[in-house]
Each structure stands twice: as C-alpha cells, then as structure tokens.
Amino acid sequence: MGSFFAENILGFPILSVLIFLPLAGAGVAMLLRGDKLLKGWTLGIMFVEALLSIPLWVNFDPNTALFQFGENHHWINALHINYALGIDGISLLLVLLTTFVMPLCILCSWKYIDKRVKEFVITMLIMETAMVGVFMALDLVLFYVFWEAMLIPMYLLIAVWGGDNKAYASVKFFLYTLAGSVLLLVAIIALYLSQGTFFIPELMGQSYSFAFQFWVFLAFALAFAIKVPMFPFHTWLPAAHVEAPTPGSVILASVLLKMGTYGFLRFCLPITPAAMFYLAPVFLWVSIISILYGGFVALGQKDMKKLIAYSSVGHMGFVTLGIFLINLEGIQGSIIQMVNHGITTGALFICVGILYERSHSRMISDNSAIGSFMPVYVAFLGLFSLSSLAFPGTNSFVGELYILIGAFKQDKVIAFLAIPGALLAATYMLRLLQKIIWDKSDGHAHHEEAHADEGGHANHFFDINIREFATLAFLSVFVVWIGLMPKPFVNKITTSVTNVIANATASSNAATTPQGLDGLWSELTGGSSHGDGHGSSDQPGDNTGHDAAPAHGNPTEGGH
Amino acid sequence: MNDIQTAYILIPLLLPLLTAVANLVFDKNENLRDSCSSIGAAATFLAVAYMVPHIINGGTYSLQMFELYEGINITLKVDGMSMLFALTSSFLWILATFYCVGYMRGLNEHAQTRFYVCYSATIFGAMGVAFSSTLLTLYLFYELVSIFTYPLVMHHQDDEAYDGSRKYITYLMFTSKVFLLPALVLTYVLTGTLDFAPDIVNGIFGTDPGPKWLIAAIYFMGFFGYAKAALMPLHNWLPSAMVAPTPVSALLHAVAVVKVGVFSVCRVMLYVFGIDLLERYGLGLISAYIASFTILVASMIALTKTNLKARLAYSTISQLAYIVLGVAMLTPNSITGGLIHIPNHAFSKITLFFCAGAIYVAHRKKEIAELDGIGYKMPYTMAAFGLASLSMIGAPPVAGFVSKWYLALGAMELSSIGLLVVLLVSSLLNAAYFLPIFIRAFFPKNKAAFAGGVAAIQREEASPFMVIPLCLTAVLSVLFGLYPDLWLKLIEVVK
C-alpha cells in the first residue's frame with residue numbers, strides 16, 4: 001500500500017494533528033466558562049490550525065500525483081478498514097480553504113451568536129474536524145464517518161442558532177443530505193463487496209464491468225449532486241442558507257457545497273470512469289440548467305441571503321460543468337472555482353451578516369442606500385460582488401475562464417449555453433449592489449431627507465469595525481491574489497488533475513461499452529447475464545459482478 | 001523593432017489610480033482634493049509624453065506582469081497606437097480637471113469626492129486600455145472603465161439618472177459577457193494565445209485558422225462586443241448616458257469611454273485579425289458598410305434632436321463610426337484617416353461638450369431653441385463652439401479636415417464611390433445640424449434679445465475655470481488641423 005503515498009517529508013503525522021486538534025479543542029472548551037473566553041479559545045485553536053496547515057502548502061510537492069503526508073494504520077482488521085489519510089492536488093486547496101475560513105466564521109459570529117456560546121463553539125470545532133477529515137480520508141469508511149459527522153453539527157447550527165423558520169430548514173437540510181448519504185453507503189458497500197477493501201487508492205483504476213460502474217456511479221453521483229447542489233436537488237440550499245446564522249451560511253457556502261464536487265473528482269472520476277464518461281453529457285446539461293436556473297431565480301430575490309444562495313446554485317453549476325467536461329482546463333478550473341466560490345460567497349455571507357447585525361433584516365429594501373454611511377463596507381461589498389460576477393482581475397474570473405476554455409474545446413453548444421449564466425450573475429449582483437448602495441429614490445430630495453434623518457439612519461448603519469474589517473480584508477487579498485496570480489495555485493493541482501484524467505481515460509477506454517438497459521438492469525438485480533448480445537465476449541458471470549467482480553479483470557478488448 | 005522592457009510604464013498607468021486614492025484621502029478638503037486631481041493629471045501627461053521620442057523612432061516599451069494561464073497574460077506595451085490614445089486622453093484630462101472644478105462648484109453638486117474618485121479611476125482604465133498588449137488585458141481594463149463610469153452616469157441619483165445608468169450598464173455588461181467573453185475564449189482555443197500580433201498585417205490567427213464561419217463569428221462578436229464604440233444597433237446607451245454631469249459627458253463620452261470602445265475595435269481588427277485575414281475573408285468591407293450605415297443614420301437622428309447634449313451624443317455616434325470606417329477600409333491612407341480621427345474628434349468634441357456645460361452653468365439652458373443670441377452673452381464660448389463645429393464638419397483648416405482628407409483618399413484607393421458618397425453626404429449632414437446652433441447664437445431670429453441694442457447685452461460667461469479649457473481645446477483643434485505631424489508620425493509607426 002505504500003506505493004500510493006509519497007514520503008511524508010514533515011516527519012510527523014500532520015494530517016492527524018490537523019484533524020484532531022479542533023476535537024481536542026472542543027474537549028477543553030467543555031471545561032471553560034465565559035462567552036469571551038470560549039470564543040477566544042476557539043479562535044485561538046482555529047488560528048493555530050490555520051497556521052499548521054501552511055506547511056502543507058509549503059511542502060506540497062507539485063510534481064507527483066501520489067498522496068502526500070500520508071498515514072495508513074489498521075483500524076478494524078476484520079473488515080479491512082484502515083485509518084488512511086493523505087492529500088493530493090485535488091484536496092490540498094480545499095483543506096486550506098477549510099482551515100482558513102473557520103477562524104473567520106468565529107470572527108463573524110463574535111457578536112452575532114450570544115446564546116449557548118459553549119455549545120456553539122464546540123459545534124464549530126467538531127465541524128472543523130469533520131470537514132478537514134472528509135478532504136483527507138483515503139478510506140471509504142473513514143470518509144463516510146467524517147461525512148456523516150459533518151451533518152449533525154450543521155443541523156444543530158441551523159436548528160439552534162437559526163432564524164424564524166429554522167425547524168423547517170434544518171429538517172429539510174437533514175433529510176436531503178441523509179438521503180444522499182444512504183446512497184453513498186450503498187456505493188461504498190458495493191465497492192467493498194467487489195474489491196474487498198475500503199482503501200480508496202486501491203479502488204481507483206480497477207477494471208469494473210461497465211454495468212457495475214454505472215450503478216455505483218449513479219449512487220455516488222446522486223449523493224454528491226444533492227450536496228453540490230445540482231438542479232433539481234437544490235431546494236434545501238436556499239432554505240438552509242436563509243435560516244442559518246452567518247457562520248452557518250459561511251461554512252455551508254464555503255466548504256460544505258465543495259464536498260459534492262470534491263466527491264465527483266475523488267470517487268466518480270477515478271473509480272467509475274467509464275460511467276462518468278458515458279453519463280457526462282447528461283450532467284453537462286444538468287449543470288447548464290443549474291447555471292441558468294440559479295441565475296434566473298436569483299434575479300427575482302428580495303432577500304439578500306436567498307439571492308446569494310441561488311447565485312451559489314449557478315456558480316456551483318459552473319464547477320460541475322468543468323468537472324464533467326473531463327479535460328484538463330475544465331477540471332483545473334473547477335478546482336480553482338471551488339476555492340473561489342468558497343472565498344467570494346463566504347465573504348458575501350459575512351457582508352450580509354454585517355448588515356443584519358445593524359438592521360436586523362435580510363431584505364434588500366431594509367438595507368438600501370447605505371453608501372454614504374458605510375463607505376468602507378460598501379467598498380468591500382463592491383469588490384466581492386464584482387468577484388461573484390466574475391469580473392476580470394478577480395478570482396472567479398480565472399476559474400470561469402478556465403472552465404469556459406475547457407468547454408469551448410469540448411462542446412461549443414454547451415459553452416455558449418453557459419455564457420448567459422455569466423450575464424445573469426452580472427445582472428443580479430449589480431442590481432443588488434445598486435440597491436444597497438444608492439437605492440431607487442429621488443436623488444436630491446432623498447439626499448436632504450437623509451440628512452434630516454441622518455441621526456437615526458447613521459446610528460444603525462455605522463461603518464464596519466476593526467474585527468469586521470480584518471475579516472473582509474483577509475478574504476479580499478485572496479480575491480485579487482488568485483485573480484491576478486493564479487499560477488502558484490494551479491501549479492499545485494495540475495499534476496494530480498492530469499494524472500486522474502489520464503487514468504480515467506485509459507481505464508474507460510478499456511472498459512466494455514454500454515450494453516443497453518437490459519445489461520444494466522441484470523447487473524443490479526443479479527439476474528441472467530445473457531441479455532447483452534453486444535458484449536458477447538464477456539464471460540458468463542461477468543454481470544453478476546457485485547460478488548465476484550474482483551476475480552476477473554478487464555473483460556477483454558477482443559470483441560471490440 | 002527596439003523593444004525596451006521597463007517598469008516605467010507603470011508610472012503613467014498608476015498615476016491616475018494614485019490620484020483617485022488621493023481624492024479619497026482628501027475627502028474633507030476640497031481645494032486639496034481638486035489640486036490633487038490637476039497635479040495627477042499633469043503628472044500623468046508628462047509621464048506619457050516622456051515616452052513619445054522612443055515611440056516615434058519606432059521603438060516600444062513593454063512590461064510582462066501576470067500570467068493567468070499558458071498563453072494568457074496580463075502584459076503592457078506602449079506602441080504608436082497606444083501613444084495616440086494615451087497622449088490624447090491624458091492631456092485632455094488636465095483641461096477637464098479644471099473644467100470639472102468650475103462646473104461642480106458652479107452647480108454646487110453633491111457627492112463631489114465620489115465624482116472625482118471615479119473620474120480619475122476611469123482615466124486609469126483608459127490608460128490601461130491604451131497600454132494593453134493582450135486581449136485579456138484589454139478586456140480587464142475595458143471592464144474597469146464600465147464599472148468606474150457607472151456611478152458617474154448615476155451621479156444625480158434621480159429617476160432619470162437611474163434609468164440612464166441602468167441602460168448604460170446593461171448594454172455594456174450584456175455585450176461584454178455575451179460577445180466579448182466567448183470571443184476571447186474562442187480566440188484562445190483556436191490560437192493558443194491572446195497576445196496581440198507584433199504588426200497590423202498578419203494577425204494571430206495564422207494562415208489556416210479554422211472554419212471561416214467561426215472566424216467571422218468571433219470577429220463580429222468583437223466588432224459589436226466593444227459596445228462602447230457605439231456602433232449601431234448597439235448605440236442606444238450613449239444618449240441615455242448623457243444624463244451624467246456635463247464634464248462626464250465631455251471627457252468620458254467624447255474621450256475616454258467611447259474612445260476606449262473604438263480603440264479596442266481598431267486594436268482587435270488590426271492586431272488580432274490583421275489586414276490580410278480581414279481582406280481575405282471580406283470582413284473589412286462589411287465592417288465599412290456597417291460603419292457607413294451608422295454614420296448616416298446617427299447624423300440624421302442628430303438632426304431631429306432639439307436638446308443640445310442629445311444632438312452632440314448622436315454626433316458622437318456618427319463621428320466614432322468614421323474611425324471604424326477608416327480602419328475597416330484597410331488601405332494605408334484610410335487607416336491613417338481613421339486613427340488620426342481619435343485625437344481630432346477628441347479635441348473637437350470635448351470643446352463642444354465643454355461649451356454645452358458652460359451654457360448650462362451660466363444660463364441653465366439645455367435646449368437649442370433657447371440659445372437665441374447667446375453668442376453675445378458668451379462670445380468666447382460660442383466662438384470655440386463654432387471652431388469645433390467646423391472640425392466636426394471637416395472644413396479646413398480645422399482638425400477634422402485632416403481626418404476626412406485621409407478617409408476620402410482611402411475611399412478613392414478602394415475606388416469605392418459608395419463610401420466616398422457616404423463621406424460627402426455625412427459632411428453635409430454634419431453641417432446641417434451644427435451650423436444652425438452657431439447661427440442662432442449670433443444671428444437670432446427672435447430680435448427681442450436685442451431690444452436694448454447689442455452693446456447693452458451683459459456678458460455672462462461661465463467661470464474662467466471652464467472658459468479657458470474650452471478655448472484651449474478649440475485652439476488646439478485648429479492647430480492640429482494645421483500641424484497634424486505629431487499624430488501622423490505616431491500612425492506611421494503603427495504601419
């Protein structure tokens with residue numbers, strides 16, 4: 001198993017440290033008293049966590065596609081479950097995104113969360129453990145444990161600290177995600193029965209029969225599509241975003257939505273490449289629908305959080321578009337865009353939270369015409385809005401550019417259909433910006449009125465303080481940095497992406513071609529293997545692969 | 001080619017941005033804030049002018065800045081064509097700054113700091129466009145200009161301003177996202193680079209670029225995508241954007257914004273597609289006809305407008321099309337005529353807008369019908385207006401004549417009677433809508449204005465902050481008509 005890992009040049013199990021530090025922090029937090037102390041302690045832990053993750057970036061070797069900083073220990077021997085961790089170019093940036101966004105979540109909840117602070121910080125710390133774990137786990141069971149562990153803190157975040165309609169939103173979130181998780185579990189078990197291992201690198205690049213791939217892919221893809229979310233599984237997202245407290249929204253937008261797209265890249269593409277290639281056109285179209293649908297619905301929103309939530313549906317549509325193009329530019333673009341969406345949308349939710357703390361309303365109309373009272377805030381809001389509409393020079397433009405290059409190389413129709421999505425983003429973001437800053441009202445008259453009213457209005461809408469400034473300034477650095485100098489980021493991921501595409505293409509070419517629905521169905525039901533005239537060279541028993549598949553390799557090229 | 005790699009380019013590029021920051025810092029002290037503007041403008045102009053000798057000798061300056069992807073760079077380069085635009089806009093920025101001070105204070109406008117910040121930042125965008133050396137850089141700065149001018153158009157914050165600015169940003173965002181972005185990506189997919197070609201003949205597509213329809217599609221996405229050039233049918237934002245304060249209309253809609261548009265169109269035609277390819281595919285001629293259509297129709301619409309700024313707006317649309325027409329004819333003389341119209345039109349049109357603003361500040365008059373006898377109250381202003389009108393018409397010896405001369409030569413080289421007729425007819429139309437204003441100002445039909453005799457009419461010029469810049473630009477229009485050498489030399493380098 002060692003061959004899957006590059007040598008850990010740091011000399012200590014850094015990934016385990018990163019996973020368990022927040023958990024240990026949560027343990028200590030149970031013993032602490034006082035809201036300020038608890039938040040301070042949590043912030044400290046998360047800050048240390050972020051600092052500890054920097055060595056990952058510095059020491060990451062961009063020239064190898066092997067898993068780095070790996071750890072592999074036996075955990076439950078009877079079931080061949082290992083405690084296996086490692087990161088490659090696909091997960092590196094997402095781990096860093098998580099560790100850097102979490103302290104900001106504490107910062108933006110400094111005033112916002114004032115009840116059940118102890119429970120809150122413990123929830124947040126456990127959340128961080130689970131999220132970091134998801135991106136690092138190389139064992140399916142371990143992955144599943146972290147995946148499920150994420151669900152409960154997030155549920156609590158919405159259900160305890162959420163808005164008026166929190167019960168509905170949290171249950172909806174829970175049910176949708178749980179439905180996905182169940183399918184995920186099915187896929188995991190199917191893979192185990194086929195290969196006898198949960199170790200992800202070993203499951204990759206095996207030659208499963210096409211029918212087996214097809215079903216496993218579908219189970220994976222549904223679970224991930226709910227998480228992304230792709231149309232039509234998106235309806236939990238706006239509800240959850242609107243009701244979640246600011247830190248909840250930020251975590252949701254920045255990290256949780258990336259779990260789905262990460263899953264596509266980590267599991268679907270390497271483990272079930274033939275099915276991925278076969279079904280990619282469908283998912284491309286669904287991505288296009290997500291992009292356009294998200295954009296159109298965002299246009300009509302009066303609630304800022306809903307607007308940004310629907311914009312997320314559109315933006316994540318671009319990410320899935322890039323993934324299912326299955327070419328270098330597309331996947332590079334989608335990984336970069338995952339990070340960008342995390343930065344930009346997270347920042348936008350923080351911005352909305354800042355306004356909410358002042359006006360206690362999420363409605364655009366209650367927060368309009370604040371330009372003259374909060375100039376610094378408006379400058380940040382402007383920058384993040386521009387980033388969200390993929391303005392050149394900001395981070396999202398880079399991601400969108402890569403994805404569009406990939407799309408135009410692959411399929412010009414799909415690419416042209418994605419373009420209106422970019423236009424819609426510009427429309428709703430500029431509309432939001434215009435309303436928040438200036439508002440539609442009679443200029444000069446309004447101006448005098450505002451002066452008369454200035455006492456009252458200005459009391460509510462005082463400009464951002466140093467804590468809020470630091471949060472937004474930190475994120476805006478990345479907006480411009482990735483926007484102008486994406487090379488260091490892209491360089492880290494390129495080898496892994498090239499490798500995963502090359503492997504997927506090779507093993508997909510080797511796999512049998514689609515055999516029609518009959519073959520697929522018999523695979524699922526374990527019925528007769530003689531339905532498929534096409535795959536005549538297949539040995540008998542091939543299609544009963546869910547219990548015997550590891551026995552045979554590739555069902556021969558000869559027939560094709 | 002003598003190319004110098006230097007970070008010096010950053011100085012003229014970033015000075016306007018620094019000026020914007022300084023404007024912001026000195027928010028509270030308006031004298032200090034406004035002197036920052038003028039110092040920044042002057043410094044920018046000097047920094048640009050310093051580069052002229054090397055450029056005229058056929059050299060270039062360049063600076064590699066960021067790499068976004070293989071073959072997608074943000075790179076700056078100063079060549080003859082950049083210089084043409086950069087010199088014009090930085091110089092006019094100086095005059096416009098003084099004019100702004102007179103105008104904004106004369107009307108006691110609100111949110112002046114925001115105004116100045118966006119004004120300076122727009123010049124930053126325009127400089128960036130001038131110095132762009134890749135399609136991506138061009139796109140970046142082009143978009144920056146859109147964003148920074150948005151608050152300027154909205155300045156009055158009344159319903160009219162909101163409607164106008166919404167239309168403005170809708171047109172610009174729509175075209176940039178739906179046309180420019182795919183054109184950019186497709187160009188990259190076909191060629192593997194977004195850098196401009198080193199000369200205007202070959203372009204970057206090479207001899208076998210791909211299906212002809214695709215090249216034509218990319219070309220027209222670029223041709224119409226730079227909607228700031230206001231080619232019909234994507235011209236409608238320009239009249240709506242005239243709700244902005246007049247200094248904005250003057251500098252931005254006579255110089256920076258619209259020139260960013262035509263400059264980009266010309267850049268793309270010459271340095272991305274190249275004369276060879278445009279000729280081979282017959283794209284140049286089609287473009288020339290589209291431009292001719294715009295020239296004629298916009299002029300006719302201008303005839304019907306009774307509001308002074310609206311008439312100027314349509315005149316701008318038609319004049320911009322001259323620039324595109326010149327380049328689209330693809331002959332050496334016509335390209336000269338088109339490119340030289342960038343500075344010539346800038347100097348003359350800014351004079352006209354300055355005059356319109358001065359009339360408004362001094363007399364609160366916007367309609368042409370109200371201008372009876374105004375020449376006696378504002379002799380300097382209206383004299384300048386007359387000179388600038390002559391330039392628009394293309395009468396010797398004012399600047400516009402030089403442009404028309406080369407354009408006509410170009411049309412003859414092509415032996416295209418049609419295009420020649422367009423030039424002649426459009427000149428007549430220009431005369432038909434500009435001269436009545438001038439005549440009305442000095443020879444009013446309504447003699448009531450002279451009830452007390454000409455001598456009794458009080459002179460009521462606007463403040464010298466406004467009158468001096470507009471006289472200067474009028475005089476310069478004449479000078480560039482007599483001595484077009486500077487511009488011709490810069491254009492010689494382009495060819």
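Sequence order as written defines residue numbering, which begins from 1 separately in each chain. Here chains are named by letter from A upward and ligands by number from 1 upward, in the order in which they appear as written. Predicted model: local features are reported for residues with pLDDT of at least 70 only, side-chain atom pairs are reported and counted for 80 or more only, and whole-chain, interface and lining totals are derived from all residues. Processing note: side-chain calculations cover all non-hydrogen atoms of the structure and skip hydrogens and water entirely.

**Let's talk about empty space enclosed by the protein**
Link 1 in the chain: Every definition here rests on a 1 Å grid over the protein atoms only: cavities are sets of points where a 1.4 Å probe fits but cannot get out, pockets are open sets enclosed by protein on both sides within 12 Å along at least five of seven lines, and lining residues have some atom within 4 Å of a point. Grid points are joined across faces, edges and corners, and a volume is the space filled by probe spheres set on the points. Following the criterion strictly, the structure yields five cavities of 30 Å³ or more and no others.
Link 2 in the chain: Volume-wise, the largest cavity comes out at about 110 Å³.
Link 3 in the chain: Taken together, 13 residues make up the lining of the largest cavity; nearest its centre are Leu135(B), Leu180(B), Ala183(B), Leu184(B) and Tyr226(B).
Link 4 in the chain: Elements represented by at least two residues in the lining of the largest cavity include exactly α6 (135-153), α7 (159-191), α8 (212-225) and α10 (246-280) of chain B.
Link 5 in the chain: Strands are runs of DSSP state E lasting at least 2 residues, helices are runs of H or I lasting at least 4, and numbering of each runs from the N terminus. Broken down by element, the lining of the largest cavity gets its largest block of residues, four residues, from α7(B).
Link 6 in the chain: Residue classes in the lining of the largest cavity are distributed as eleven nonpolar, two polar and no charged.
Link 7 in the chain: Its volume calculated, the second largest cavity comes out at about 70 Å³.
Link 8 in the chain: Mapped onto the lining of the second largest cavity, the elements with two or more residues apiece are α13 (328-359), α14 (375-388) and α15 (395-410) of chain A.
Link 9 in the chain: In terms of residues, the lining of the second largest cavity owes the most to one element, α13(A), which gives five residues.
Link 10 in the chain: Each residue receives one of three labels: charged for Asp, Glu, Lys and Arg, nonpolar for Ala, Val, Leu, Ile, Met, Phe, Trp, Tyr, Cys and Pro, and polar for the others, Gly being one of them. Partitioning the lining of the second largest cavity into residue classes produces one nonpolar, nine polar and one charged.

**Comments concerning the domain arrangement of chain B**
Residue and element names in this part refer to chain B.
Link 1 in the chain: For each domain, the first and last residues come from an automatic or database assignment. You can read the domains of chain B as domain 1 (1-269) and domain 2 (282-495).
Link 2 in the chain: One C-alpha centre belongs to domain 1, the other to domain 2; they are set 22 Å apart.
Link 3 in the chain: Only heavy atoms matter for contacts: two residues are in contact if any of them lie within 4.5 Å across the pair. On the side of domain 2, 53 residues touch domain 1, which itself brings 53 residues to the contact.
Link 4 in the chain: Put simply, buried area is how much 1.4 Å-probe accessible surface two parts lose in total, over both of them, once they are put together. Buried surface at the junction of domain 1 and domain 2, summed over both partners, amounts to about 4400 Å²; 86% is from carbon and sulfur atoms.
Link 5 in the chain: Broken down residue by residue, the surface that domain 1 buries against domain 2 is led by Leu84, Tyr99 and Met232, which jointly contribute 16%.
Link 6 in the chain: We count a salt bridge whenever a side-chain nitrogen from Lys or Arg sits within 4 Å of a carboxyl oxygen from Asp or Glu. At the surface where domain 1 touches domain 2, the tally comes to zero salt bridges.
Link 7 in the chain: Pairs of N or O atoms within 3.5 Å make up the polar contacts considered here, provided that, within protein, one atom can donate a hydrogen while the other can accept it, and that residues adjacent in sequence are counted only when both atoms are side-chain atoms. Inspection of the region where domain 1 meets domain 2 yields nine residue pairs in polar contact (both at pLDDT 80 or more).
Link 8 in the chain: Residue assignment for the side of domain 1 that touches domain 2 shows that the elements contributing at least two residues are α3 (52-56), α4 (80-106), α8, α9 (237-240) and α10.
Link 9 in the chain: Here the side of domain 1 that touches domain 2 gets 17 residues from one element, more than from any other, and that element is α4.
Link 10 in the chain: In the side of domain 1 that touches domain 2, the residues fall into 41 nonpolar, ten polar and two charged.

**Notes on the interface of chain B and chain A**
Link 1 in the chain: Residue-level contacts link 40 residues of chain B with 39 residues of chain A.
Link 2 in the chain: The junction of chain B with chain A conceals about 3500 Å² of combined surface from both sides, 76% of it contributed by carbon and sulfur atoms.
Link 3 in the chain: Contact with chain A buries surface across chain B, with Leu68(B), Tyr69(B) and Lys177(B) losing the most and accounting together for 20% of the total.
Link 4 in the chain: The tally of links from chain B across to chain A stands at one salt bridge.

**Some remarks on the confidence of the model for chain B**
Link 1 in the chain: The score called pLDDT rates the predictor's confidence residue by residue, from a low of 0 to a high of 100. Predicted confidence across chain B gives a mean pLDDT of 86, with 97% of residues reaching 70 or more.
Link 2 in the chain: The ipTM for the predicted assembly is 0.89, set against a pTM of 0.89.

**What to know about the layout of surface pockets**
Residues and elements named next belong to chain B.
Link 1 in the chain: Computed from the structure, the second largest pocket encloses a volume of approximately 530 Å³.
Link 2 in the chain: Along its surface, the second largest pocket is lined by 23 residues, and Met242, Val243, Ala244, Lys309 and Lys366 are the ones closest to its centre.
Link 3 in the chain: The set of elements that each furnish at least two residues to the lining of the second largest pocket consists of α7, α9, α12 (308-329) and α13 (332-363).
Link 4 in the chain: Ranked by residues supplied to the lining of the second largest pocket, first place goes to α12 with three residues.
Link 5 in the chain: Grouping the amino acids of the lining of the second largest pocket by side-chain chemistry returns twelve nonpolar, five polar and six charged.
Link 6 in the chain: Looking at which domains feed residues into the lining of the second largest pocket, each of domain 1 (1-269) and domain 2 (282-495) supplies at least three.

**A word on a nonpolar patch on the surface**
All names here are of chain B.
Link 1 in the chain: Each patch is built from residues lacking any salt bridge and having more than 30% relative accessible area; the joining distance is 9 Å for like charges and 5 Å for nonpolar side chains (Val, Leu, Ile, Met, Phe, Trp, Tyr). Per-residue accessibility takes into account occlusion by the displayed protein chains alone, with areas from the Shrake-Rupley method and a 1.4 Å probe. On the surface, a cluster of nonpolar side chains totalling about 420 Å² of accessible area is made up of Leu387, Leu390, Leu435, Ile439 and Phe443.
Link 2 in the chain: Those elements giving two or more residues to the nonpolar patch turn out to be α15 (379-393) and α17 (417-442).
Link 3 in the chain: By the element assignment, Leu387 lies in helix α15.

**As for the pairing of strand β2 (residues 59-69) of chain B**
Residues and elements named next belong to chain B.
Link 1 in the chain: Only protein chains enter the accessibility calculation, which uses a 1.4 Å probe. A residue is then buried if its area is under 20% of the maximum for its type, exposed if over 50%, and partly exposed in between. Burial analysis of β2 places eight of its eleven residues in the buried class, which makes it a mostly covered element.
Link 2 in the chain: Only strands joined by at least two bridges in the DSSP assignment are considered to pair. Two strands pair when backbone bridges link them, and strand β1 (residues 2-5) and β2 are joined in this way by four bridges, in the parallel orientation. Looking at the pairing, Asn2 lines up with Gly59 of β2.
Link 3 in the chain: One ladder, built from seven bridges, connects β2 with strand β3 (residues 72-78); its direction is antiparallel. Note that in β3 the partner of Tyr61 across the bridge is Val78.
Link 4 in the chain: Connecting β2 to the next strand, β3, in antiparallel fashion are two residues, including Gly71 with a positive phi near 85°.

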